Amino acid sequence: MSSMDSGGYTDIENAALRARYAAVFAPRGRTGWALAAAALALLAFGLWHLGFSPGRFFSGLNRLGDFIIFMFPPDWGNPATLKRFLRSLGETVAIAFLGTLLAAIFALPLSLLAARNTTVSQFLRFFTRRSFDTLRGVDTLIWALIWINVVGLGPFAGVLAIAISDIGSLGKLFSEAIEASDERSVEGVKASGGAKLHGIRFGLLPQVAPVLIGQVLYFFESNTRSATILGIVGAGGIGLEISEMIRTLEWQKVAFLIIMILITVSVIDRLSSLLRNAIAGSKAAPI
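Calculation notes
- Residues numbered from 1 in each chain as written.
- Predicted model: local features only at pLDDT ≥ 70, side-chain atom pairs only at ≥ 80, totals over all residues.
- Heavy atoms only, no water.
- Helix = DSSP H or I, 4+ residues; strand = E, 2+ residues; numbered from the N terminus.
- Buried < 20%, exposed > 50% of the residue type's maximum accessible area, 1.4 Å probe, protein only.
- Contact = heavy atoms within 4.5 Å.
- Areas by Shrake-Rupley, 256 points an atom, 1.4 Å probe, with all protein chains shown as cover.
- Polar contact = N/O pair within 3.5 Å; in protein donor to acceptor, adjacent residues only side chain to side chain.
- Phe/Tyr/Trp six-rings, centres within 6.5 Å; stacked < 30°, edge-to-face > 60°.
- Core = buried A, V, L, I, M, F, W, Y, C linked by side-chain atoms within 4.5 Å.
- Axes fitted to C-alpha atoms, helices over the stretch in contact; angles between N-to-C directions.
- Parallel < 35°, antiparallel > 145°, perpendicular 65-115°, else oblique.
- Left-handed = near helix turned anticlockwise from the far one by under 90°.
- Nonpolar A, V, L, I, M, F, W, Y, C, P; charged D, E, K, R; others polar.

Chemist: Account for the overall build of the protein chain, with residues named and values stated.
Modeler: Regarding its fold elements, the protein chain presents 12 helices and zero strands. Start at the N end of the protein chain and walk to the C end: the helices and strands fall as α-α-α-α-α-α-α-α-α-α-α-α. Scored against the burial criterion, the 287 residues of the protein chain give a buried share of 32%. Contacts in the protein chain between residues far apart in sequence, at least 24 positions, make up 68% of those at least 6 positions apart. Here the protein chain has roughly 17,800 Å² of accessible surface; of this, 69% comes from carbon and sulfur atoms.

Laid out in C-alpha cells, this is it:
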C-alpha cells in the first residue's frame, strides 16, 4: 500500500506528477545563487565607489537629532508670517492642480492616438508613445529648471513643469486603460449606425472614465508633494518658504511648514479617495 504525504498524494501520484512536470520539480541550478552574489557584489562596489561610510552615517545621525531638537516646538511666528505661509501653501496646491489638469486635458486625446484600438495609424501610434517616453523620462525637477530659464521664476514655471512631465505619464496610463477596454460596447454603437468617433464617445469613454479620473486624482495628490520641491528651485509655492527658513536657520518655522504640508496632503488624499469611490460607485470606506 502506498504511503501518503502531507498534501494527500500517494507515492505513485507524486511520481506521476514529477514525471509530468519535470521542469518544475527539477533541482534548482546555480543561476539564482550567482545572480544573488552578483547583486550583492554590485551593491558593495556601489557603496564603496560612492564613499559610503558607517562612521559618517552615524555621525550624521547625531546632527539630524540636533536639527529635530531645534524644530520643537513648531512656530509660525507672527500673524503676518502665518498669512504668508498660508498663501504660499495655496500657491503650491494651485500649481499641482493646474499642472495636473493641463496634463489630463492634453493626455486624453493623445492617448487615443497611442492606443492600439483607437489610433488612426501605426506610425502615429509609435511616434506618440515614444513622445510619452521622452516626456516622462525627464524628471519634473529638470523640467522646472528648464522652464524657469524660459519663462522666469514663479509658479507659472512650476505649472508647466508638472504639466509636461505628467502628459507623458498620464498619456501612457490612459492609453493602456483604453487598450484594456471591452470592445463590445464600441461595436454595439457602430452596429447601430454610429461612426468611429461615436463609438469612442459613447462606447469607450464611459467605461474607462472612472479609471482615468482615479489616475488624475492620484497624480494631483502626488503633484502636491512635487510642487513643494519645485518651489525650492524657484518655481514658487511653499517650497520657497522652506528653502528660505532653512537658509536662515529658522528650524521651528521649518517644522511648522512641514506639518502644514503633511496636513494638506492628508486632506487631499482623503478627498481623492472619497471622489474615487463615489465615481466608481463603491461602498467601501476610503483608505
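Chemist: Account for the side chain of Ser175, naming residues and giving values.
Modeler: Among the structural elements, Ser175 can be located in helix 8 (residues 155–179). A polar contact is formed between the side chain of Ser175 and the side chain of Arg129, at a distance of 3.4 Å.

Chemist: Go over the packing of aromatic side chains, please, and point to the residues and values.
Modeler: A full pass over the atoms with the stated rule returns six aromatic pairs. When the centroid spacing of 6.4 Å and the interplanar angle of 35° are considered together, the rings of Phe85 and Phe256 count as tilted. You can see Phe85 sitting in helix 5 (residues 79–114) and its partner Phe256 sitting in helix 12 (residues 251–280), a full 171 residues away along the chain. Neither Phe85 nor Phe256 differs from the other in exposure class; each is buried. Between Tyr218 and Phe219 the ring centres are 6.1 Å apart and the planes differ by 85°, which places this aromatic pair in the edge-to-face class. Residue Phe219 is classed as buried on the basis of its relative accessible area of 14%.

Chemist: Pulling in residues and values, what's your account of the nonpolar core?
Modeler: Nonpolar side chains tend toward joint burial in soluble globular proteins. Grouped together as the largest cluster of nonpolar side chains are 19 residues, with contacts concentrated most on Leu112, Leu170, Phe174, Ile178, Leu204 and Leu212. Of all the secondary-structure elements, those providing two or more residues to this core are helix 5, helix 8 and helix 10 (196–235). Looking at this core element by element, the count peaks at six residues for helix 10. Excluding residues that lie within four positions of it along the chain, Leu212 makes contacts with Leu108, Phe174 and Ala177.

Chemist: Run through the packing of helix 7 (residues 140–151) against helix 8, naming residues and quoting values.
Modeler: Axis separation between helix 7 and helix 8 bottoms out at 8 Å; the angle between their running directions is 135°. Comparing the axis directions of helix 7 and helix 8 gives the class oblique. For the pair helix 7 and helix 8, the crossing hand works out as right-handed. Residues Thr140, Trp143, Ala144, Trp147, Ile148 and Val151 of helix 7 form the contact with helix 8, whose participating residues are Phe156, Ala157, Leu160, Ala161, Ile162, Ile164 and Ser165. Of the residues assigned to the contact of helix 7 with helix 8, the class counts are 11 nonpolar, two polar and no charged.

Chemist: I'd like a description of the side chain of Ser111, backed by residues and values.
Modeler: Within the secondary structure, Ser111 is located in helix 5. When near neighbours in sequence (up to four residues on either side) are disregarded, Ser111 contacts Thr118, Phe132, Gly171, Phe174, Ser175 and Ile178.

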